[in-house]
Amino acid sequence: MDKVSTRVLVVEDEPRYLRTIETTLRPDGYVVFTASNGEMAIQLASTKEPNLILLDVRLPDMSGYDVCQQIREFSTVPIIMLTAMAETADKIRGLEAGADDYVTKPFSAGELLARIAAVLRRVSFYENKLRQTIFRAGNF
Ligand code: CA
């Protein structure tokens, strides 16, 4: 996937974290748009078709887990949960809600970029595999 056209939806209500994430992603070539609550996140996930979503667990109107579950009803977009809780139960809950990975706050810019790149790499690997399979099937 071309990084320049990779659109990332960042869902976070704390301006401090939002700023940090934006200033980390933009210079690296990602197109960033943001939502500060769950309702807005679900709406943007369906209308803007992001390539990846960074989703905070603690949002003012609903939990990130619920947002994740609702997005999963209409999209397979990769989702990385942002969590302040390092508890195993919370990590499991996020993965069960349909998240692909999680990053525990506070995280470094380097870790965030590496996690995003890893998830996108995984997605494009499977997309290529799927394309090849369809191509082969089409030959017979
Ligand atoms: Ca928050």
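Note that the coordinates shown come from a computational prediction; the quantities given were computed from them, not determined experimentally.

K.L.:
Teacher, can you tell me more about the environment of Pro78 here?
P.N.:
Here Pro78 shows up in the loop between helix H3 (64–72) and strand S4 (79–83). Placed 26 residues apart in sequence, Pro78 and Leu52 show a C-alpha to C-alpha distance of 5.0 Å. Those residues in contact with Pro78 that lie beyond four places of it in its chain are Asn51, Leu52, Ile53, Arg72, Asp100, Val119 and Val123.

K.L.:
Honestly, helix H1 (residues 15–25) in this entry has me stumped. Any pointers?
P.N.:
Because each turn of an α-helix spans 3.6 residues, side chains separated by three or four positions in sequence point in the same direction. Listed in full, the buried residues belonging to H1 are Tyr17, Leu18, Ile21, Thr24 and Leu25. Down the axis of H1, the smallest arc covering the buried residues is 135°, so these residues share one side. Across from the buried face of H1, at angles greater than 90 degrees, the exposed residues are Pro15, Arg16, Arg19 and Thr23.

K.L.:
Looking at this model, I keep getting lost on the coordination of the calcium ion. Mind explaining?
P.N.:
As a benchmark, a tetrahedral metal site with four donors has ideal angles of 109.5 degrees, while an octahedral site with six donors has ideal angles of 90 or 180 degrees. Surrounding the calcium ion are the protein donor atoms Glu12 (OE), Asp13 (OD), Glu14 (OE), Asp56 (OD) and Arg58 (O), at 2.0 to 3.1 Å. The class for Glu12 is buried, based on a relative accessible area of 0%. Given the relative accessible area of 28%, Glu14 is considered partly exposed.

K.L.:
It is not clear to me how the sheet that holds strand S2 (residues 31–35) should be interpreted in this structure. Could you clarify?
P.N.:
Hydrogen bonds between backbone atoms are what pair the strands of a sheet, whose relative direction is either parallel or antiparallel. One open sheet accounts for 5 strands, arranged S2-S1-S3-S4-S5; its pairing is parallel. Of all strands in the sheet, those bounded by a partner on one side alone are S2 and strand S5 (101–104). With direction set aside, neighbouring strand axes in the sheet form an average angle of 20°. Sheet topology places strand S1 (residues 7–11) next to S2; 5 bridges connect them, and they run parallel. Opposite Val10, over in S2, you have Thr34 as the bridge partner.

Analysis parameters
- Residues numbered from 1 in each chain as written.
- Predicted model: local features only at pLDDT ≥ 70, side-chain atom pairs only at ≥ 80, totals over all residues.
- Heavy atoms only, no water.
- Helix = DSSP H or I, 4+ residues; strand = E, 2+ residues; numbered from the N terminus.
- Contact = heavy atoms within 4.5 Å.
- Buried < 20%, exposed > 50% of the residue type's maximum accessible area, 1.4 Å probe, protein only.
- Arc of directions from axis to C-beta.
- Donors = N, O, S within 2.8 Å, 3.2 Å for Na, K, Ca; no water.
- Pairing = 2+ DSSP bridges.
- Axes fitted to C-alpha atoms, helices over the stretch in contact; angles between N-to-C directions.

Nothing here speaks to function; it is geometry throughout.
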